[in-house]
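Summary of structural features
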Amino acid sequence: MNSKKVLHFVPAEAPSTGRSKNGYVFQEMELKDGQKEDLEQDLPTNIKEDIYENDIQISVSDAEGPGYGLLNTTRKYVKPMNFQEEVRAHRDLESFLSQASILLDEKAATLDEVLRRMIAHMVEDGHGSCNVEEVMNSLFTDAGVRDINVHLLTETIQGVTVTSTGIHYQQSWLCILSNVRNLQRRQVCITRLERPQNWGDNCCEARYVILILAPPRTKSTKTAVELARTFATMFSDIAFRQKLLETKTQEEFKQELVSQRHQLSIVDEKMVTEEVDDSDPRRGKALQCRHFFKAGKGVYDDLRRRLPLYPSDFTDGLTGKDRCLLKYTTTAIFLYIAILLPAIAFGSLNDESTRGEIDVQKTIVGQSIGGVIYSLFAGSPLVIPLTTAPLAIFISVIRGICDDYDLDFDAFYACIGLWNSFFLILGGLFNVSLMMKLFKRSTEEVIALFISIAFVGDAVKGTVKIFEHFYHGPTLATTNSTVVLQQINEILEKIENQTTTVPQHNTSHQAEKMLVFLSETLVECTRERPILCLLLMLGTLWLGYALYLIKRSPYLNGKIREVVSDCALPISVVIFSFIGSYLFIDIQLPVFSVHDGPIFKYPAFEKLSGLTALSAVGLGFLLALLIFIDQNIVISLTHVPEHKLLKGTAFHWDLMLTGFINILMSCLGLPWMHAAFPHSSLHARQLAKVEQHVENGHLYTTIVSVKETRLTSLAANILIGLSAFMLPIPLQWIPKPVLYGLFLYIAATSLDGNQMVDRMTLLLKEQTSYPPTHYIRRVPQRKVHYFTALQMIQLIILCAFGMYPLPYMKMVFPLLMILLVPIRTNLLPRMIDAKYLDIMDSQYM
C-alpha cells in the first residue's frame, strides 16, 4: 500500500492529557491512503486541484537567487499567490488593512498562549464574536502516537526556500488556518513576537504567526487556504520580514504590507543582459578566445552597468526609512583599525627589509591615498585595497636584487611598478578577468585559506623572533664596551667587599653557588618580555573573537550585541594596548620605528640603464600576475551569492583602476596595493542584516541584505590619512604583539563561510554530528573526504612554496596559483565524478 509523508505539529513532550505548554515540534508520520483521504475530506473539492500539486516542483529561475514555495500541512505544494494576475490577492490585503488585527512584540512564549491572545484580540477589536475554546479546538486535532494522546495543528502553511542545493524551511514564520462553524466572515490576525521562540524542528525561531479563520462554506476563492496563500506569499520574502522587524507601530507595519504588495505586483521586465553576461567573469557563456580581442568592451560594460547606481552608493542608508548611521559608524571604526594595524605591521616589515626606504609613515600615507581613490571610483566599493604580505616579500626581494647588482632602489622599484601597472591596464582593456570563469569555488577557497594561514604565519614568526631575541639569554642594553666593562668591574668589586665580611670557611662554599645579578642599565629584561608579548597576542585574539561571537549569545539586547560585535576588534586592540603600554610600563615592549624625512620621493630614472629598465619587465609581469589573481579572487569572494549584493561587479574596470593607483604609488615611492582578503569579505558582513535559522540542531546565519555603500571605506581611509599625524605618539603605544593578535583575529574570523574548512572539521567529528549541508546529502561520504584531502594537498604545496625562506622561490608563487586551475578542471574530474565536484563547488544558501 502506498504511503504519504505528512508534516504535523507534535508537542515536544507529549502529555497524557491536555494541551502541551512547552511548544510544538514537527514530526514526520507515515499515513496510509485511507488516513490521507480522511485528512483531506474537509477541504472544498473545487479548489484542491487548483492550488495543490502532489509533487513538490519548485523551479529556480536564477541560478544565483533562491526560489521559494509554500508547503501545506499535508506536505503538498501550495502555489504562491500571483499578485500580478490574481485580483483576489489585492482584495484580501485591502480587507485586512481596513480592519487590521495586529499584535506587535507579543511576550507570550508558547504557541497555546500566542493563539489565545490572537483570538482574544480579534474579539476585542470587534471583528466578530466567537468562543475562544471552540476556535482553539478547531485549530487542533487529536491524534494518537504509540498510545499517547497529543494535539496536532489541523492545518498550517510554511514557506520553503529552494536553491540548487535543496529545499530549506523558512522557520521564522508560520501560517495557521482553520474553518470555524459559527463564523460569519473571514478573520486574519498577525502577531510579531517580542523574541524568536523555539517551537521545534523546522520552526526553531518563530517570530511571526499568521492566524486565519474562515467559515466552512464559502466561495472557492475566499477559503482559508486562498487567504493563507496571500499572506504566506508576502512573508516568504526574507527582506520583507526584516523590514517588519524594524517597524514600531501598527501604521508602519501596514505601510510595509502595502509596499510589499506593490513590489509583488510589479511586472518583471526581463532586460536584455546577454552582452553584459559575456563581460561578467562569473556569468554568461563559456570562455572563448574571441572575448579577449574585444578591447575595452569589459570596461565599457562595467561602467555602463555601474554608473547609474553611483549616486545611491552615497545615499543608501542615509535617506529614506532604512537608515543605518549607527551601522555605518561601527563599520567605519572597524575598518579603520583593521586597515591601520596591518599597514603598520607591513610598513614595519618593509622598513626592515628596505632599510628605511619604505617605512610605516609612507605605508600609512599610501594606504590613505590609494584607499580614498578606490573608494570613490571603484565598481566594487565594498572591496578594500591594502598592501599585503606577498607584496612586502616582493619588495624585500627587489631590495636584495638592488644590493646584489648595485642598483638605485627607488628607480628600480618605480620601474617595476610601472611595468606592473602597464600589464594590469592591458589586462583590464583586453578582458583578461574573464579567466575567472575557470576558477571554481574550491580553488578560490584554497587560496583564501592560504591567505588566512599566511596571517597566522606572520604572527607566529614575529613572536618566535621575539622569543629568540629575549628568552634564551640576556641582552646588553648598550654596545659600548667601555661602559659595559666599567659596570661589570663595579659589580664584582661590590661582591668582593661583601665576601670579605663572610667567615673564611664559608667563602669557598658560597663562591661555588654565587649568582651575579646585572643591573637593568646594563642588561635588558629578558624572559618577562617574550612571555608578556605572547599573552598580549593571545589576549587580543581571545577578547576580539569572544566579543565577535557575542551576537550569537543571549546576553544584553539585540542592538547592543550587534554594536559590540561590530566593534570587537577596536575594543580588543585598545584594551590590550593599554595593558601592555601602561600597566606593564616597566617592561619595554617591541614597537615599530619612525623615521624623519620626506614622505614622497620621485625616483631618479636616469640612474637606470636601458637594459636594467628592460630587465624589470619580468618582475613587473610576475607582480601583475600576483595582483591579478588576488584582485579578482577577492572581488569574487566578496560578491558570493550568499552576500546578496545587488549592484553587480566591475572586474575589468577595478583591475584597470588598480593599475592607475599603482602608477601613482610607484612614482611617489609608496608601497603597492591591491584588493585584500579577508578585509573585503568582513566589510560586507559588517554591513549585512542577518537572520538565523536552525536546521537539525545546527545554527545557520542567512544574510538578508547588505548596504552597498562607499561611505564606510571612504571614512576609514580618510581617518588613516589623519593618523599619519599621530606618529610616533600615540600610535607607538600599540605594541607589536597586539598587531600579531590582530592577524590571528582576522585569520579566525575569515574562516566563517569557508566550505573547505567546514569539510576539514568533518574529519574530526563523529558522523552523527555532521551538519545537514547539501554535499552531505547528495555526495557519498568517502567522496567528500577524498575531495577535502586533495584540497589539503594543494594547500600544503601552496604553503610550502609561499612560505619557503628562499626569497627568489616566492617570485614564482603566482605561477603556482595559476596551476590550481588546470588541476581543478582537468585532473580532479579524472579522480572524482564531475557531478559530485559540481555539487561540492556549489553555494550553500
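How each quantity is defined
- Residues numbered from 1 in each chain as written.
- Predicted model: local features only at pLDDT ≥ 70, side-chain atom pairs only at ≥ 80, totals over all residues.
- Heavy atoms only, no water.
- Helix = DSSP H or I, 4+ residues; strand = E, 2+ residues; numbered from the N terminus.
- Buried < 20%, exposed > 50% of the residue type's maximum accessible area, 1.4 Å probe, protein only.
- Contact = heavy atoms within 4.5 Å.
- Areas by Shrake-Rupley, 256 points an atom, 1.4 Å probe, with all protein chains shown as cover.
- Axes fitted to C-alpha atoms, helices over the stretch in contact; angles between N-to-C directions.
- Parallel < 35°, antiparallel > 145°, perpendicular 65-115°, else oblique.
- Nonpolar A, V, L, I, M, F, W, Y, C, P; charged D, E, K, R; others polar.
- Patch = residues over 30% accessible without salt bridge, like charges linked within 9 Å, V, L, I, M, F, W, Y side chains within 5 Å.
- Salt bridge = Lys/Arg side-chain N within 4 Å of Asp/Glu carboxyl O.
- Left-handed = near helix turned anticlockwise from the far one by under 90°.
- Phe/Tyr/Trp six-rings, centres within 6.5 Å; stacked < 30°, edge-to-face > 60°.
- pLDDT = per-residue confidence, 0-100.
- Polar contact = N/O pair within 3.5 Å; in protein donor to acceptor, adjacent residues only side chain to side chain.
- Arc of directions from axis to C-beta.
- Pairing = 2+ DSSP bridges.
- Core = buried A, V, L, I, M, F, W, Y, C linked by side-chain atoms within 4.5 Å.
- Expected span 1.5 Å × (residues − 1).

The next subject is the overall build of the protein chain. Broken down by element type, the protein chain carries 32 helices and 19 strands. Residues counted as buried form 52% of the 845 residues belonging to the protein chain. In the protein chain, 77% of the contacts between residues at least 6 apart in sequence involve partners at least 24 apart. For the protein chain, the computed accessible surface area is about 39200 Å², with 58% contributed by carbon and sulfur atoms.

Time to look at the packing of helix 12 (residues 325-354) against helix 20 (residues 558-566). In a packed pair of helices, the relevant descriptors are the angle between the two axes and the axis-to-axis distance. Taken N-terminus to C-terminus, the directions of helix 12 and helix 20 make an angle of 25 degrees; their axes are 9 Å apart at the nearest point. Comparing the axis directions of helix 12 and helix 20 gives the class roughly parallel. Residue-level contacts link Leu326, Lys327, Thr330 and Phe334 of helix 12 to Lys559, Glu562, Val563 and Asp566 of helix 20. Residues of the contact of helix 12 with helix 20, tallied by class, amount to three nonpolar, one polar and four charged.

With that out of the way, let us pick up a nonpolar patch on the surface. The grouping of Ile793, Ile797, Phe801, Val812 and Leu815 at the surface amounts to a nonpolar patch, some 400 Å² of accessible area in total. By residue number, the principal contributor to the nonpolar patch is helix 29 (residues 781-802), which donates three residues. Relative to the helices and strands, Ile793 is located in helix 29.

Between helix 14 (residues 389-405) and helix 15 (residues 409-429), the least distance of the axes is 10 Å, while the angle of their chain directions is 130 degrees. On the basis of their axis angle, the class for helix 14 and helix 15 is oblique. As helix 14 runs across helix 15, the sense of the crossing is right-handed. Along its contact with helix 14, which presents Ile395, Ile398, Arg399, Ile401 and Cys402, the element helix 15 presents Phe409, Phe412, Tyr413 and Ile416. Tallied by class, the residues present in the contact of helix 14 with helix 15 amount to eight nonpolar, no polar and one charged.

With that out of the way, let us pick up the packing of aromatic side chains. Enumeration according to the criterion identifies 16 aromatic pairs in this entry. Between Tyr413 and Trp672, the ring centres sit 4.2 Å apart and the planes meet at 15 degrees, which makes this aromatic pair stacked. Of this pair, Tyr413 sits in helix 15 while Trp672 is found in the loop between helix 23 (651-668) and strand 17 (674-675), placing the two residues 259 residues apart along the sequence. The pair Tyr413 / Trp672 is uniform in exposure class, with both members buried. Here a set of aromatic residues connected by ring pairs shows up, and it is made of Trp173, Tyr208, Phe235 and Phe240.

What follows concerns the pattern of salt bridges. Tallied over the full model, the rule gives 28 salt bridges. Between Lys107 and Glu194 there is a salt bridge; the shortest N-O distance is 3.9 Å. One end of the pair, Lys107, is in the loop between strand 6 (102-106) and helix 4 (111-124); the other, Glu194, is in strand 12 (residues 187-197), and 87 residues separate them in sequence. Taking the shortest distance from any N to any O, the salt bridge between Asp403 and Arg399 comes out at 3.0 Å.

On average, the protein chain scores 79 in pLDDT, and the residues at 70 or more come to 81%. A low-confidence stretch, residues 506-513 (pLDDT under 50), is modelled with three contacts involving residues beyond four sequence positions or located in other chains.

This part takes up the side chain of Arg192. Tracing the sequence through the fold places Arg192 in strand 12. Here the side chain of Arg192 touches Leu244 through a polar contact of 2.6 Å, landing on its backbone oxygen. Excluding residues within four positions of it along the chain, Arg192 makes contact with Leu103, Leu104, Asp105, Glu106, Arg207, Tyr208, Leu244, Leu245 and Thr247.

So, on to helix 10 (residues 297-306). Buried within helix 10 are the following residues: Gly298, Val299, Asp301, Asp302 and Arg306. Within helix 10, the buried residues cover an arc of 165 degrees as seen down the axis, which keeps them to one side.

Attention now goes to the pairing of strand 13 (residues 206-214). The side chains of a regular strand alternate, residue by residue, between the two faces of the sheet. Summarising burial for strand 13: nine of the nine residues are buried, a large majority. Across seven bridges, strand 11 (residues 173-179) lies against strand 13 in parallel orientation. Within strand 13, the residue paired with Cys175 across the bridge is Ile210.

Time to look at the nonpolar core. If you look at the biggest cluster of nonpolar residues, it comprises 121 residues, and the most contacted ones within it are Ile344, Ile364, Phe412, Ile447, Trp672 and Leu798. Once you skip the residues sitting within four places of it in the chain, Leu798 turns out to touch Val446, Ile447, Phe450, Phe813, Leu816, Met817 and Leu820. In terms of nonpolar packing, the next biggest core, distinct from the first, is built from 32 residues, Phe83, Trp173, Leu177 and Ile210 among them.

A few words now on the environment of Pro590. Inspection of the secondary structure assignment puts Pro590 in the loop between helix 21 (568-583) and helix 22 (610-638). Since its relative accessible area comes to 17%, Pro590 is described here as buried. The spatial distance from the C-alpha of Pro590 to the C-alpha of Lys736 is 6.0 Å, given a sequence separation of 146 residues. Apart from the residues within four sequence positions on either side, Pro590 is in contact with Ile466, Arg529, Cys533, Pro735, Lys736 and Pro737.

Attention now goes to helix 6 (residues 224-235). Quick reminder: α-helices carry 3.6 residues per turn. Residues three or four places apart thus point the same way. In this model, helix 6 (twelve residues) spans 16 Å end to end at C-alpha, consistent with the 16 Å of a helix rising 1.5 Å per residue. Most of helix 6 is tucked away, with twelve of its twelve residues classed as buried. Every buried residue of helix 6 is listed here: Ala224, Val225, Glu226, Leu227, Ala228, Arg229, Thr230, Phe231, Ala232, Thr233, Met234 and Phe235.

Our next topic: the environment of Arg824. Structurally, Arg824 can be placed in helix 31 (residues 813-831). You can call Arg824 buried: its relative accessible area is 4%. In sequence terms Arg824 and Lys440 are 384 residues apart; their C-alpha atoms lie 7.7 Å from each other. For Arg824, the contacting residues outside a window of four places in its chain are Lys440, Ser442, Thr443, Pro829, Leu837, Asp838 and Asp841.

Let's shift gears to the side chain of Arg529. With respect to the helices, strands and loops of the structure, Arg529 is situated in helix 19 (residues 528-548). Within the structure, Arg529 has its side chain in polar contact with the backbone oxygen of Gln588 (distance 2.7 Å).

Glancing now at the environment of Lys647. Here Lys647 lies in the loop between helix 22 and helix 23. You can call Lys647 buried: its relative accessible area is 8%. With 61 residues separating them along the chain, Lys647 and Glu708 place their C-alpha atoms 7.6 Å apart. Discounting chain neighbours no more than four positions away, the residues touching Lys647 are Arg306, Leu309, Ser312, Asp313, Asp316 and Glu708.

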